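Summary of structural features
Listed here are the chains, written in short residue letters.
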Amino acid sequence: MAEFVLHFHLGPVQAFISEARRTRDIWAGSFILSWLSAEALAAALDGAPATRVLSPKLPDNDPTFMAVRRKRGEAPVGGTPFLGTFPNHFSVEVNDLDAGQRAARKVRACWVALAQAVEALIFDTKIDDSTLGEVDEAARALFRHQIGTIDHTPMWEIYTVIVAKGEWDDTGPSPLAVRKLQRWCADSAAMPDVQLGALCSMLPGWQEISGVDDVTNRDKGKIRDAFWTAVRAAVVAARYGEHRAVRENAIECLDLVPKERLSAPALVKRLFPLLADGTLEGIFGWVPVVRSSSVLAIYDEKTPSDVRTKLLKWFSSWLWRRGEEAPVLKSISVEQVEAQEGRQSFVLWPSTSYVAAAHWIERVHKYAPKQGAAVAKAIQACGRHLAVAERTLFIGSTLDGESCPLAPVDGASLFPNTVERMIRDAEHQAPFKALSKALEMLAAVPLDSANPNGPKIGRPAPVYAIIVADGDKMGERLASKPDLSKGLSHFTQALRGGLDHDVGAIAKNNGVTLYASADEMIAMCPIEDALQLALDVRNSFLEATKAFDPQATISVAITFAHRQVPLSWVLNSAKSLLDGTAKDALGGNALAIEIIDAGGRRADWASFWQVALIPGMYQALDLILRAALNDAPQLGSNQFLHEFATCLEPLLFDDDTVPAAARAGMFRRRDVFQSGDLPPDLYRMTSEEPFNLASRLTNALIAKHCLSMSPSRREELTEALIKISGIDYPGETAQAHSSLRLTPSGIKILRFLVENWRAPALDLE
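Conventions adopted
- Residues numbered from 1 in each chain as written.
- Predicted model: local features only at pLDDT ≥ 70, side-chain atom pairs only at ≥ 80, totals over all residues.
- Heavy atoms only, no water.
- Salt bridge = Lys/Arg side-chain N within 4 Å of Asp/Glu carboxyl O.
- Helix = DSSP H or I, 4+ residues; strand = E, 2+ residues; numbered from the N terminus.
- Buried < 20%, exposed > 50% of the residue type's maximum accessible area, 1.4 Å probe, protein only.
- Phe/Tyr/Trp six-rings, centres within 6.5 Å; stacked < 30°, edge-to-face > 60°.
- Lys NZ or Arg CZ within 6 Å of the ring centre and 35° of its normal.
- Pairing = 2+ DSSP bridges.
- Axes fitted to C-alpha atoms, helices over the stretch in contact; angles between N-to-C directions.
- Contact = heavy atoms within 4.5 Å.

1. Here we look at the pattern of salt bridges
- Taken as a whole and assessed by the stated rule, the structure comprises 27 salt bridges.
- Residues E260 and R270 are paired through a salt bridge, measuring 2.9 Å at the closest nitrogen-oxygen approach. On the criterion of sequence distance, the pair formed by E260 in the loop between helix 10 (242–248) and helix 11 (264–271) and R270 in helix 11 is long-range, its members being 10 residues apart. The pair E260 / R270 is uniform in exposure class, with both members buried.
- Note that R421 is salt-bridged to D425, the shortest N-O span being 3.9 Å. Placement of the pair is R421 and D425 together in helix 19 (residues 416–425), with a separation of four residues, close to one helical turn.

Now the structure itself:
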């Protein structure tokens, strides 16, 4: 019979996960935090049954916890989880007062073991018959100081509280919450002293490990640059072999790019995916693996022979992308497939640029494969590190069941502004100039060869989407309905996919899962798939929880961001949109959308789900996008959408706030009315309902810009534009109050989608 309850919390979450410069950093941070938390719970249980765990409910359903238990010999089965799934806190019944200390020491021991492996990769890899550790012991000492020991680890904030069972009855403040309010723990108190060296490029407040104390001194700056060149050489040598690092002088390294100087914790996040499988298995107890359903289909007897041939052809190119010789198609055996397992590479992780270009790559592969192959060849001439740079097996738009030459390339190399920078920085500019010319020729290829003057392939859009989701008031609901945790387990399974060969809702929409656990999710995807993914997330949540709590709801935020905006900014903005707008301002059960660039938030829109999903809402968006991309391109023009938003801005006010006569005066002052291009009777609007007024005005604007459009088509598009321009807000009585109000922000988002759409138009379900 357990006598005590241990409450455990491991942080910091935001500082370790969200502070990221690459998408791989986010995945790595969430995976490490999840793994350490699961190790802490297993250590606290010390072989006791998982039924003693009070929170999270049903840990036996969690892949990470089960994998840890299997490693300890406490569970007969356990998978090879690829994603962070276990939360960073738990409550568990224990028999002794040492359980908290046991859990904390396990976290530190696991962290130190992982860091030591990365340390060996950096300092013990041979370069030119020597190692970095032999020539720079001071940097190694600083690395170890920042990592810590089994007694204290400066990176982590470990809070543990043990209370007698039954002492806390849920009516007062949580003991753990009270403990955290003290903002002190032994580990954070051991944070390295502030030093004069340059700061880490990823983690604020941490010193990069070169140890150079005065970066303004030119000579010391050269010493620092030489140190990081040697680190990059060690990384390349560990990944490709010593000879390659020496020959190419570590230039080909996207794992640690020039001017990136990191602290020890940041280096662990960035470089642990490069560790050998045997090393990973020794530390974690498994090698995190996710397999592609396409690869599994190669040896599925039910797969048609022609499809198998295409898949084999694709797989041969995939082997080449992993640095191996591409075998002859007929010589690929099931053993080779099973040996490689078709698994998502830790290293070739899709960047924001790659995700932004995903549907453009699909377009090139469909309409201009020859020119696409020429671009891929030009990228390879610029460097193998650019030709084999990133890949996700679950962005289906870049697979298409067979080899796609542009699928493995560095996504940034597909954007002209990046290539221009490469030309400026390159010592040998000819290959990069050839790449620029190849991209220019590709952009000019018509989508329809029979119509050379028609729409062209164009450039990839430099924007992508981050999707974040969180259940509404889950803490309260789980307290009153503990079985709801079963539904949350089903929800995350629906997002991630249950078995290796199951494709979850995220992958189905060309999404890359960065975190998915309980009721929370972070994913990124092309902008064309963002709305459908948001819908699928909500539908999956409702389907998974309806048997346990029919009233449970979820809020989702979509952030459309430029590929070059710092990733940490994008994540923080998405989280702020979710918490501040969808959950706080609207009260939850809502969808919020924003556009951000280097200057901040350009536009945002929010609505309750019941309004965002009113009949015809997404069909209306589909209709407008199809028209703007096909027979009525004027609807996607800046001029039309600007006039639409500007002219209807007065309708942002309630009828009883702005008198009708004043509203009519506001319309008369609009330049578009003064131009005389619109019917004069639109000036005389003194008492008309806002909806009718908006409809008539929108119809007139469409007629002005689309002269040959039929009246019935104008009516159809008018209705669609009005429908997607609604906004909802909470009333003063705290009950949801809905009113059709046209918002310029909604129009800006529509214009953004039209300008950056590179896939077929919507087909939302």
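Let's pick the thread back up.
2. Quick word on the packing of aromatic side chains
- Applying the stated criterion across every chain yields a total of 18 aromatic pairs.
- Note on W27 and F272: the rings are 5.7 Å apart at their centroids and 20 degrees apart in plane angle, and the pair reads as stacked. Of this pair, W27 sits in helix 2 (residues 23–45) while F272 sits in the loop between helix 11 and helix 12 (277–284), placing them 245 residues apart in sequence.
- Overall, F272 belongs to the buried group, its relative accessible area being 0%.
- Here F227 and W228 contribute two aromatic rings whose centre-to-centre distance is 5.2 Å and whose plane-to-plane angle is 85 degrees, an arrangement assigned as edge-to-face.
- With a relative accessible area of 5%, F227 lands in the buried category.
- Members of the aromatic cluster, each reached through a chain of ring pairs, are W27, F31, W35, F82, F272, F284 and W286.
- Just above the ring of F16 sits the side chain of K269; from NZ or CZ to the centre is 5.2 Å.
- Over the ring of F415 we find R563, and its NZ or CZ is 4.0 Å from the ring centre.

3. Topic: the sheet that holds strand 11 (residues 590–597)
- Strands sit in the order 8-9-7-10-11-12 across an open sheet of six strands; the sheet is mixed. Here the strands that pair on one side only, and so sit at the sheet edges, are strand 8 (512–517) and strand 12 (600–608). Pairs of neighbouring strands in the sheet enclose a mean axial angle of 10 degrees, with direction left out of account.
- With nine bridges connecting them, strand 7 (residues 463–471) and strand 10 (residues 554–562) associate as antiparallel partners. Paired with G471 across the two strands is I554, which belongs to strand 10.

4. Quick notes on the sheet that holds strand 2 (residues 53–55)
- Read across the open sheet, the four strands follow the order 2-3-1-6; overall the sheet is antiparallel. Single-partner strands in this sheet number two, and they are strand 2 and strand 6 (157–164). The average angle at which neighbouring strand axes cross in this sheet is 20 degrees, direction not considered.
- Two elements, strand 2 and strand 3 (residues 89–94), share two bridges in a ladder whose sense is antiparallel. Residue pairing across strands places V53 opposite V92, the latter belonging to strand 3.

5. Remarks on the side chain of S91
- Along the chain, the position of S91 falls in strand 3.
- Each residue touching S91, except ones within four places of it in the same chain, is listed here: L6, H7, V53, L54 and S55.

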